[in-house]
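Okay, here's what each chain looks like letter by letter:
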Amino acid sequence: ETNEVIRYLFGNPIQSKEEWQKSSIVVFGKVRFQTLSTGQTARGFLWRDTRPSKVVSDDILDDKDVKNSEIRDSTREWYLKGLKHVLTPKGVLEFVNTPLHEDDLIENVFKGQGLFDKSKWDTLHIKALENGKSIDENWKTTEDLETEQLLDPTTFSQEMLGMPVSVKGGLVSY
């Protein structure tokens, strides 16, 4: 509402207080951003008689929840039965997630497991180190990444390489 960067880039995108709610925002009176928590119902979601054209998820499972197979299953079901069908026919589901388990939703998409047909998904797996070099020396230098890898290889594998790690520290499922 008072973000100076948004105001600098876009002017005054919020026309009225009604367009700025706790879980949604309407910009320029035309585009609505709506937040949902994992598992929250999206069924029947319409705005101005239109379904969403894009759903973006960001780290939907945390370190604790991903250890529970029932929570992993219910999250997968929520996507397949809820969010997938709330979109317009050419709508897009976009995941911005760190894979935390070999059987979490993101790994299922990457590997085309279960009901996730790999041919229907475009995936991009970004690793902090590619061919032994940092992908962005301004963010973290190769030397810094190598040091992190030596100090804590388990966390480094998960967080910097996007390779799920078990509780016991191996590259296997829980």
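What you see is a predicted model; the values in this text were computed from it and never measured.

> So what about the overall build of the chain? Which residues, and what values?
From N to C terminus, the chain includes five helices and six strands. The N-to-C order of helical and strand elements in the chain reads α-β-β-β-α-β-α-β-β-α-α. With 174 residues in all, the chain has 32% of them scored as buried. Contacts in the chain between residues far apart in sequence, at least 24 positions, make up 43% of those at least 6 positions apart.

> Can you break down the packing of helix H4 (residues 142-151) against helix H5 (residues 153-161) residue by residue, with the values?
Contact pair H4 / H5: the axes reach a minimum separation of 6 Å and the direction vectors enclose 135°. By the angle class used here, H4 and H5 are oblique. Within the contact between the two elements, H4 uses Leu-145, Glu-148, Gln-149, Leu-150 and Leu-151 and H5 uses Pro-153, Phe-156, Met-160 and Leu-161. Residue classes in the contact of H4 with H5 are distributed as seven nonpolar, one polar and one charged.

How each quantity is defined
Residues numbered from 1 in each chain as written. Predicted model: local features only at pLDDT ≥ 70, side-chain atom pairs only at ≥ 80, totals over all residues. Heavy atoms only, no water. Helix = DSSP H or I, 4+ residues; strand = E, 2+ residues; numbered from the N terminus. Buried < 20%, exposed > 50% of the residue type's maximum accessible area, 1.4 Å probe, protein only. Contact = heavy atoms within 4.5 Å. Axes fitted to C-alpha atoms, helices over the stretch in contact; angles between N-to-C directions. Parallel < 35°, antiparallel > 145°, perpendicular 65-115°, else oblique. Nonpolar A, V, L, I, M, F, W, Y, C, P; charged D, E, K, R; others polar.

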